[in-house]
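# Remarks on the overall topology
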Amino acid sequence: MCLRRLLQSAQLQRAWRAVFVKHGQGRHQGAWRWTHSGGGTYRAVIFDMGGVLIPSPGRVAAEWEVQNHIPSGTILKALISGGENGPWMKFMRAEITTEDFLQEFGRLCSEISKTSVPLDSFFSLLTSERVAKPFPVMTEAITQIRAKGLQTAVLSSNFYLPNGKSFLPLDRKQFDVVVESCLEGVCKPDARMYKLCLERLGRQPSESIFLDDLGPNLKAAASLGIHTIKVHDPETAVKELETLLGFPLRMAVPNTRPVRKTMEIPKDSLEKYLKDLLGTQATGPLELLQFDHGQSNPTYYIRLAKHQLVLRKKPPGTLLPSAHAIEREFSFLCSGRIMKALANAGVPVPKVLDLCEDSRVIGTPFYLMEYCPGLIYKDPSLPGLEPSQRRAIYTAMNRVLCKIHSVDLKAAGLEDYGKHGDYVARQVQTWIKQYRASETSTIPPMERLIEWLPLHLPRQQQTTVVHGDFRLDNVLFHPETAEVLAVLDWELSTLGDPLADVAHSCLAHYLPSSFPVQPGLSDSDLSELGIPTAEEYFRMYCLHMGICPTENWNFYMAFSFFRIAAILQGVYKRSLTGHASSATGEQTGKLTEFTSNLAWDFAVKEGFRVFKEMPASKPLTRSQHTRARPQSLPRTPGMRSYVTSTDSSPAHISKGALVFSPEGLSPPVRELYQWLKQVMERHVYPAEPELQHHQTSAEKWTPSPLLEDLKEKAKAEGLWNVFLPVETDPEKKYGAGLTNEEYAHLCEVMGTSLYAPEIFNCSAPDTGNVELLVRYGTEEQKARWLIPLLEGKARSCFAMTEPQVASSDATNVESSIQEEDGFYVINGHKWWISGILDPRCQLCVFMGKTDPHAPCHQQQSMLLVPMDTPGIKIIRPLTVYGLEDAPGGHGEVLFEQVCVPKENMVLGPGRGFEIAQGQLGPGRIHHCMWLIGYSERALALMKARAAALDIAMIKVGAPPMAYQVTDRAIQAFGAPGPSSDYPLAQFFTRARALRFADGPDEVHRAAVAKMELKRCS
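As the structure is a computational prediction, the values presented were derived from the model and not from experiment.

The rules behind the values
- Residues numbered from 1 in each chain as written.
- Predicted model: local features only at pLDDT ≥ 70, side-chain atom pairs only at ≥ 80, totals over all residues.
- Heavy atoms only, no water.
- Helix = DSSP H or I, 4+ residues; strand = E, 2+ residues; numbered from the N terminus.
- Buried < 20%, exposed > 50% of the residue type's maximum accessible area, 1.4 Å probe, protein only.
- Contact = heavy atoms within 4.5 Å.
- Areas by Shrake-Rupley, 256 points an atom, 1.4 Å probe, with all protein chains shown as cover.
- Pairing = 2+ DSSP bridges.
- Axes fitted to C-alpha atoms, helices over the stretch in contact; angles between N-to-C directions.
- Polar contact = N/O pair within 3.5 Å; in protein donor to acceptor, adjacent residues only side chain to side chain.
- Phe/Tyr/Trp six-rings, centres within 6.5 Å; stacked < 30°, edge-to-face > 60°.
- pLDDT = per-residue confidence, 0-100.
- Parallel < 35°, antiparallel > 145°, perpendicular 65-115°, else oblique.
- Nonpolar A, V, L, I, M, F, W, Y, C, P; charged D, E, K, R; others polar.
- Core = buried A, V, L, I, M, F, W, Y, C linked by side-chain atoms within 4.5 Å.
- Salt bridge = Lys/Arg side-chain N within 4 Å of Asp/Glu carboxyl O.
- Expected span 1.5 Å × (residues − 1).
- Right-handed = clockwise from strand over helix to strand, strands pointing away.
- Left-handed = near helix turned anticlockwise from the far one by under 90°.

### Here's the deal with the overall build of the protein chain
Counting its secondary structure elements, the protein chain contains 34 helices and 24 strands. Burial statistics for the protein chain: of 1017 residues in total, 55% are counted as buried. Restricting the contact set of the protein chain to residue pairs at least 6 apart, pairs at least 24 apart contribute 72%. By element, 53% of the accessible surface of the protein chain is carried by carbon and sulfur atoms, the whole surface being about 43,300 Å².

### Thoughts on the sheet that holds strand E6 (residues 256-257)
With antiparallel pairing, the 6 strands of this open sheet are ordered in space as E6-E7-E8-E9-E11-E10. Each having just a single partner strand, E6 and strand E10 (352-356) make up the two edges of the open sheet. Helix H13 (residues 267-278) contacts strand E7 (286-291), strand E8 (299-304), strand E9 (307-313), E10 and strand E11 (366-370) of the sheet and is inclined by roughly 110° relative to E7.

### Here's the deal with the side chain of threonine 811
Topologically, threonine 811 is positioned in the loop between strand E18 (795-799) and strand E19 (816-820). Among the polar contacts made by the side chain of threonine 811, one reaches the side chain of aspartate 809 at a distance of 2.7 Å. Aside from chain neighbours lying at most four places away, what touches threonine 811 is Lys849, Cys856, His857, Gln860 and Phe913.

### A word on the pairing of E7
Taking burial as the measure, the 6 residues of E7 include 5 buried ones, the bulk of the element. Where E6 lies against E7, 2 bridges are found, and the strand directions are antiparallel. In the sheet register, arginine 257 faces E7, and the bridge partner there is glutamine 290.

### Things to note about helix H29 (residues 766-776)
Within H29, 9 of the 11 residues are buried, leaving the element largely enclosed by the surrounding structure. Those residues of H29 not exposed but buried are Asp766, Thr767, Asn769, Val770, Glu771, Leu772, Leu773, Val774 and Tyr776.

### Describing the packing of aromatic side chains
On inspection of all chains with the given rule, the structure shows 23 aromatic pairs. Residues tyrosine 194 and phenylalanine 210 carry aromatic rings whose centres are separated by 5.6 Å and whose planes lie at 85° to one another, so their mutual orientation is edge-to-face. Taken as a pair, tyrosine 194 in helix H10 (residues 191-201) and phenylalanine 210 in strand E4 (residues 208-212) lie far apart in primary sequence, 16 residues in all. Here the two residues tyrosine 194 and phenylalanine 210 agree in accessibility, since each one is buried.

### Some thoughts on the sheet that holds strand E3 (residues 177-180)
Strand order in the open sheet made by the 5 strands is E3-E2-E1-E4-E5, with parallel pairing throughout. Of all the strands in the sheet, just E3 and strand E5 (227-230) have a single pairing partner and so form its edges. Between one strand axis and the next, the sheet turns by 20° as a mean value, whatever way the strands run. Sheet topology places strand E2 (residues 151-156) next to E3; 4 bridges connect them, and they run parallel.

### Overview of the confidence of the model for the protein chain
Taken as a whole, the protein chain shows an average pLDDT of 81; of its residues, 81% reach a score of 70 or greater. Between residues 1-39, whose pLDDT stays under 50, and residues either more than four places distant or in other chains, the model counts 106 contacts. In the model, residues 947-956 has pLDDT below 50 throughout and makes 10 contacts with residues more than four positions away in sequence or in other chains.

### Topic: unusual backbone geometry
Backbone torsion omega between lysine 188 and proline 189 reads 10°, so that peptide bond is classified as cis. One can find proline 189 in the loop between helix H9 (181-184) and H10. Here the residue pair alanine 886 and proline 887 is connected by a cis peptide bond, since its omega of 5° sits within 30 degrees of zero. Here proline 887 is to be found in the loop between strand E23 (872-878) and strand E24 (890-901). The phi torsion at lysine 732 lies on the positive side, around 55°, for a residue other than glycine. Looking at the element boundaries, lysine 732 is found in the loop between strand E17 (719-720) and helix H27 (740-750). Residue classification places lysine 732 among the buried positions, given a relative accessible area of 12%.

### Details of the packing of helix H6 (residues 98-113) against helix H7 (residues 119-126)
Contact pair H6 / H7: the axes reach a minimum separation of 9 Å and the direction vectors enclose 120°. Here H6 is positioned oblique relative to H7, judged by the angle of their axes. Residues Thr98, Leu102, Phe105, Gly106 and Cys109 of H6 lie in contact with H7, whose contacting residues are Leu119, Asp120 and Phe123. Residue composition of the contact of H6 with H7, grouped by class: 5 nonpolar, 2 polar and 1 charged.

### Focus on the nonpolar core
With 81 residues, the main nonpolar core has Leu414, Phe470, Phe477, Met557, Phe561 and Phe562 as its most contacted residues. Per-element tally for this core: the top contributor is helix H23 (residues 553-576), with 12 residues. Val749, Met750, Tyr755 and Ala969 belong to the second largest nonpolar core, which has 72 residues in total.

### Quick look at the pattern of salt bridges
This structure, assessed with the given rule, holds 38 salt bridges. Residue arginine 876 pairs with glutamate 892 through a salt bridge whose shortest N-O separation is 2.5 Å. With arginine 876 in strand E23 and glutamate 892 in strand E24, this residue pair connects regions lying 16 residues apart in the sequence. Judged by relative accessible area, arginine 876 falls into the partly exposed class, the value being 39%. On the accessibility criterion, glutamate 892 (10% relative accessible area) is buried. Within this structure, Glu708, Lys711, Glu758, Asp766, Arg795, Asp838 and Arg840 form a network of salt bridges that share partners.

### Comments concerning helix H16 (residues 387-405)
With 19 residues, H16 should cover 27 Å at 1.5 Å per step; its first-to-last C-alpha distance of 27 Å lies within 8% of that length. Structurally, H16 contributes buried residues whose contacts are with strand E12 (464-466), strand E13 (475-477), strand E14 (484-487), helix H20 (498-504), helix H21 (526-529) and helix H22 (534-545).

### Side note on the pairing of E5
In terms of strand pairing, E4 meets E5 through 4 bridges, oriented parallel. Looking at E5, one finds that isoleucine 209 is bridged to histidine 227. You can see the chain leave E4, run along helix H11 (residues 215-223) and come back into E5, and the turn it takes is right-handed.

### Brief notes about the environment of valine 900
Looking at where valine 900 falls in the secondary structure, it is placed in strand E24. Residue valine 900 is classed as buried on the basis of its relative accessible area of 0%. Between the C-alpha atoms of valine 900 and glycine 822, which are 78 residues apart in sequence, the distance is 9.4 Å. When near neighbours in sequence (up to four residues on either side) are disregarded, valine 900 contacts Phe823, Tyr824, Ile826, Leu864 and Val865.

### Remarks on the side chain of aspartate 469
Within the secondary structure, aspartate 469 is located in the loop between E12 and E13. A polar contact of 2.8 Å, which involves the side chain of aspartate 469, links it to the side chain of histidine 504. With near-sequence residues (within four places) excluded, aspartate 469 lies in contact with Asn474, Asp489, Leu492, Asp501, His504 and Arg563.

### Focus on the packing of helix H25 (residues 667-695) against H27
Axis separation between H25 and H27 bottoms out at 10 Å; the angle between their running directions is 15°. By the angle between their axes, H25 is roughly parallel relative to H27. Here H25 runs over H27; the crossing is right-handed. Here Val669, Leu672, Tyr673, Leu676, Lys677, Met680 and Tyr685 of H25 come into contact with H27, specifically with Glu742, His745, Leu746, Val749 and Met750.

Written out as structure tokens, the structure is:
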């Protein structure tokens, strides 16, 4: 049902009045018109919150339902349930807690939709900083209103968050009065809300204007004599408000702020210089503001009389050689031949006035250009625009870049504007030097890139005019259309490889929205926003230019992020002396490592592309594993050497042969093995005491921060997701491409520490569930579950074992999976579900019977069950010989009427036994190799304790062998053996428990006996 049609119901409007539903009307396309009637009568402006100051929760709900495959209108229907006494209205009045609301409201939504509704997900999205972001046009209007001496207030129906604070994602200092329903116990359109607000403002209704997006709220305000404005979209509402107030609300220069103290320049000498330059007409006070973007060269807005100018200068302090070349930028913009060439190609650039190289004027060289009114979009998600408008902005940006790269060098006389060929090689060396000159500490991924980039340069490069820093916030757009008015910041322009520009313009696609220097898009739904993906943007460029996509795109992305990391390092070093041009300069210390890790991710992907000798791969397809290894190449002393691929080709090993020692591995895998051992020695073993302490502390059921840090180190060291066998993932799309035999040796090393498998994202049950998804999952299932698991952002569990039956035989499983109304409903009792207690556990792979009357091995099915699905009840944590194995633990769980969408079925009904059998082999190999690792560590510890002990040869299977060896090691240690001072007690417990984890020993012995008897009969 259409959202607007739902909102026409008077009953719904009463329930939804606190939700601020807004259905966007698009941006107003008319020109600015200032009207001065009625401006003297109003003394206060009162704002609703959702749909007026921040995006409407109604739109958030509608988009969230689409993204999560929830029937449209589910949230809205739940809102009207119960009317004034429904859970939503009670929540607004703070009559129920957040926990009670989520439980009751979630139940209503599930009943309405006949499916599981992850309400926690919606609530988190609704209250997230990414969504609850104030509209800039409204923030600017409030600033102007207050500057004129008028009062402002916000009148909000809101609620308490789980942390006890009210949900008000606004700057309270912008308002004289804030009235919140959850604090007052009353909601709009109750007249008491408006009267309370007017009383606190000390104003009469006739002196006030109220903005809201809901008719009932506006009607209630109007009945009291308050003038009202219905908000369809913020832009249009601000224009109507301007008409009523009689003064402009958008006269402030966009993207400016008062000059930062460390960036102040002498106004007197600047004013004298400007008057000499501009003549006698330049009279009046000098207005100086600083643009709030620009990490490199400080940029200022100047108003002197009728003149509006932009000043760009070098930053203060000691600068790196050739950095901040504003003289070159000025020469570029002033060059008649260049300007003519760009104009002929349709590239707009700002008009420049003068270059001042006399540092006595303001302390550094600078140049001036005319100010061009327009919009610079700092946030690449383009908040406040419609999807079609966002796509138009990115399309215009793409086309103007194509125009830059289409300038005819010979016809324009620009063949001498820069060197021809080897642009990327020169750039790599330049930025290595810049980074070295600003280096403050050793950053491992930067060291790898410094060695890797020169070895993987593109063999073929075009030569065109390149901008050098082309991105969205260096493009000035018309305020009302997607027309590009000017391309800014030509400081780094030259002749070079155009693909470097294209890659640079895609950086935001891989940065998070919270990135301090430049907000990114990596955590945004680009399809919903209408923004082209990086792949689409690149294809758009290739189509416009008439070229084929390049094979080595990942190299260009690696280089682009490396360059950004070097720039950020320079900004950080300047910030240490107070000379950074941006207020975020001091934050960039950690950002250098973050962006260099992104660069290294692309280097890894490029290395695998070269190794696999594949044809042009789909650009920018994210790989979910990282591998780097030392290699024997000449290198700078003290510098670690890496490459991005490991030749794990099975061709190195004779078919059918077993590799009994690491020496028999192929050289690349052997080096990877040695590198893993070094990382274990350096990082993992030293961390064990603190990790063990965390497991017994009050915070044991939350993930250890140290463990999370170690996981990041594992990624950085190229040891991540190496478990997925090439047999399962032959294209190496998700894994490292090792065979099971090769990984077994790495698994053995990981087994020497109980914490290592998780640190390297190689721990059960995630490994088995990942392999299940790779082998049998649909693309939708992989997108939702596989990627978060591979990235280490989520954990999972596997629900098979049941208390009433011998569940090591999957045919004995009794839990039911029944189809009802297009969904599957689960009922069952499971226990020993490892990992289910982990707060990061988001997925449960559930084994149950769909058809008890089918043939024995076709009765079972597997379902992917979100852990926030109603009906999952954890009865208790189970202990293993007294240990809880926190934070994942082992749970006893009831599944009661758990409703799961049909698309969550794996492979198809009746295929569960087949899937389970396919999973068993690799998992058992992993367990056995871990057990060998346990034993080797126990032997090593025992040797250190009592070197004279005679250890007999072990000639039994891996689990009992590990059990016996660990037991003897404990005895050799005496009293400390079973204590928590050493890992022996945990090894002993885990070794004993693993004799049940994959089925009791007797089950395996019986299986072997049956096979032997069958072979001999």
